[in-house]
Amino acid sequence: MRVLIVGGGGREHALAWKFKHDDPETEVIAAPGNPGIAELGECVSISATDLESLARLATDRSVDLTVVGPEAPLAAGIVDRFRADGLAIFGPTRAAAEIETSKAFAKRLMLEDGIPTARAEVHTNVASARACAHRLGAPVVIKASGLAAGKGVIVCQTLDEADRAIDDILAGNRFGDAGAEVLVEEFMTGEELSVFALTDGQSFLLLPGLQDHKRLHDKDMGPNTGGMGAYVPVTLASTDHSVSGAADPSDSLYVAIAEQVIHPTLRGLARRGRPFTGLLYAGLMLTADGPKVVEFNCRFGDPETQALMPVLDLKPSLLELMRLAASDRGFAGPVVTGLIRSAAPVGVGPDGFDAHVSLSGACVTTVLAAENYPDKPRTGDPIDLPPIADDGVVVFHAGTARDSEHRLVTAGGRVLAVSAVAPDIETAQQHSLAFARRIHFPGCQLRTDIAWREIARRGR
């Protein structure tokens, strides 16, 4: 199969790696790609938001399937554009992608359709937003409604912090148009879990849950980032729900997520004339009252994808499931037969569909970030990337480039992600961190404690 991957970050490198790992005969084209993807296929210098050029590329190269990595081209309507030309593409339409691109839209859908989430109000006025924050009380969460590169959520421990955050976003234009509306949301307590659902719009399949680490520094200190690391499997417990990386299809938490979150969200989008196909990402808080939605994304997470791909065992393959989801018949197609089930269950699917999901081990991913990330990361620094001797280690490129002398240099905030596979989380963490420390570039920032909560839980 010839596949076009739109994007050039660590998530896209991980997807390209997975496609080639599952089937070495897969032909990968990436736009714009990065130096890591270039080792697996062809990179074409086309921006991820240049929809016309991307459509021409897919047509000229007879691409069998286009897979969209980042949210920006989805928000711009790449799926609508490709479908107009009869091109197969995995991802949601522009209207369906509003589940991520407008937190205000997503929150209204959840509240109207009874999907468990935090109480919140949408505001465009500083005074009314402040008044709402004071009614909810501290701690309180202030969110820019639009896309803000994963940095538009501010957890405020005091009302003074909330007032400043509201002023910064609405009056100070901190996030530009993405902050034209803000959500003022109650603070939820519990453990976070990221869950991916592959869907053709009606049927869906849940993949094993992950945890990522948003804060820049160890022990979850410092500013929010796009993600400094992630790991799988996750073992969590709330009042009456539990999940493990080897969950069976009757696992109560996954059943609750499927029945209370994913299914009603897809149904609600379809009822509003926005059927969602592709990858629906549910960021959840596991509270004492059960799972509640923190936010939705309309694509694979980053860096969660870099942690999941090296250990994800799917039958049919991930690429084949993507192809089915993007087809007219969806998961009801003739390739697979029975009810959707998974080791991290559970799906809602057509008769005649059977899929197997499991993990081949534990994986911990440590992100290496540039100096001054997440504010104004410095770029152009040379990277010393040693050869990989450990078969369980994979290095995914994110913010990298080749300079005029073909040297590998930093080219973004999050530069590389070191994923290590091992039989257990503790060993995976050790191997990931050990190799990450062997990589050098000026001002490199990394966390040394990815998966610390999981290790603490297992040590009890």
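Once a new chain begins, its residue numbering starts again from 1 and follows that chain's sequence as written. Only residues with pLDDT of 70 or above have their local features reported here, since the model is predicted, and side-chain atom pairs are shown and tallied only from 80 upward, although totals for entire chains, interfaces and linings are computed over all residues. Note that the side-chain values use all heavy atoms of the structure and ignore hydrogens as well as water.

A. Seen up close, the nonpolar core. Joining through side-chain atoms within 4.5 Å is the link that ties buried Ala, Val, Leu, Ile, Met, Phe, Trp, Tyr and Cys residues into a set, and such a set is a nonpolar core. Note on exposure labels: buried denotes an accessible area under 20% of the residue type's maximum, exposed denotes more than 50%, and partly exposed covers the range between, all computed with a 1.4 Å probe on protein chains only. Counting 59 residues, the largest nonpolar core has Ile78, Leu206 and Ile262 as the members making the most contacts within it. Helix and strand assignments follow DSSP, with helices taken as H or I runs no shorter than four residues and strands as E runs no shorter than two, numbered in order from the N terminus. With eight residues, helix 10 (residues 252–271) is the largest single contributor of residues to this core. Of all hydrophobic cores here, the second largest spans 49 residues; its members include Leu198, Leu205, Leu318 and Leu324.

B. Spotlight on the sheet that holds strand 6 (residues 120–123). A pair of strands is considered paired only if DSSP assigns at least 2 bridges between the two. The sheet built from four strands is open, its strands ordered 6-9-7-8 with antiparallel pairing. The sheet is open, and its two borders are formed by strand 6 and strand 8 (153–156), each paired with just one other strand. On average, each strand axis in the sheet is tilted by 20° relative to the strand beside it, whichever way the strands run. Only C-alpha atoms enter the line fits that serve as axes; for helices the fit covers just the stretch in contact. Angles between N-to-C directions range over 0 to 180 degrees.

C. Inspection of empty space enclosed by the protein at higher detail. Using protein atoms alone on a 1 Å grid, points that fit a 1.4 Å probe yet trap it form a cavity, whereas open point sets bounded by protein on both sides within 12 Å along at least five of seven lines form a pocket; residues with an atom within 4 Å of a point count as lining. Grid points are joined across faces, edges and corners, and a volume is the space filled by probe spheres set on the points. Under the criterion given, the structure shown has two cavities of 30 Å³ or more. If you add up the space inside the largest cavity, you get close to 70 Å³. As for the largest cavity, its lining consists of Ile99, Glu100, Lys103, Ala106, Lys107, Met110, Lys143, Leu183, Val294, Glu295 and Phe296. Elements with a contribution of two residues or more to the lining of the largest cavity: helix 6 (98–101), helix 7 (103–113) and strand 19 (290–297).

D. Layout of the sheet that holds strand 19. Strands sit in the order 11-10-18-19 across an open sheet of four strands; the sheet is antiparallel. Edge positions in the sheet fall to strand 11 (204–206) and strand 19, since each of these pairs with one other strand and no more. Ignoring which end each strand starts from, the neighbouring axes of this sheet average 35° apart. Here strand 18 (residues 278–287) pairs with strand 19 via seven bridges, running antiparallel. If you follow tyrosine 281 over to strand 19, its bridge partner there is asparagine 297.

E. Looking closely at the side chain of threonine 117. Along the chain, the position of threonine 117 falls in the loop between helix 7 and strand 6. On the basis of relative accessibility, which here comes to 11%, the residue threonine 117 falls in the buried class. A polar contact of 2.8 Å, which involves the side chain of threonine 117, links it to the side chain of lysine 107. Those residues within four positions of threonine 117 in sequence are excluded, and the remaining contacts are Lys107, Met110, Leu111, Lys292 and Val293. For this analysis, a polar contact is any N or O atom pair within 3.5 Å, provided that within protein one partner can donate a hydrogen and the other can accept it, and provided that sequence-adjacent residues contribute only side-chain to side-chain pairs. Contact between two residues is taken to exist if any of their heavy atoms lie within 4.5 Å; hydrogens are not considered.

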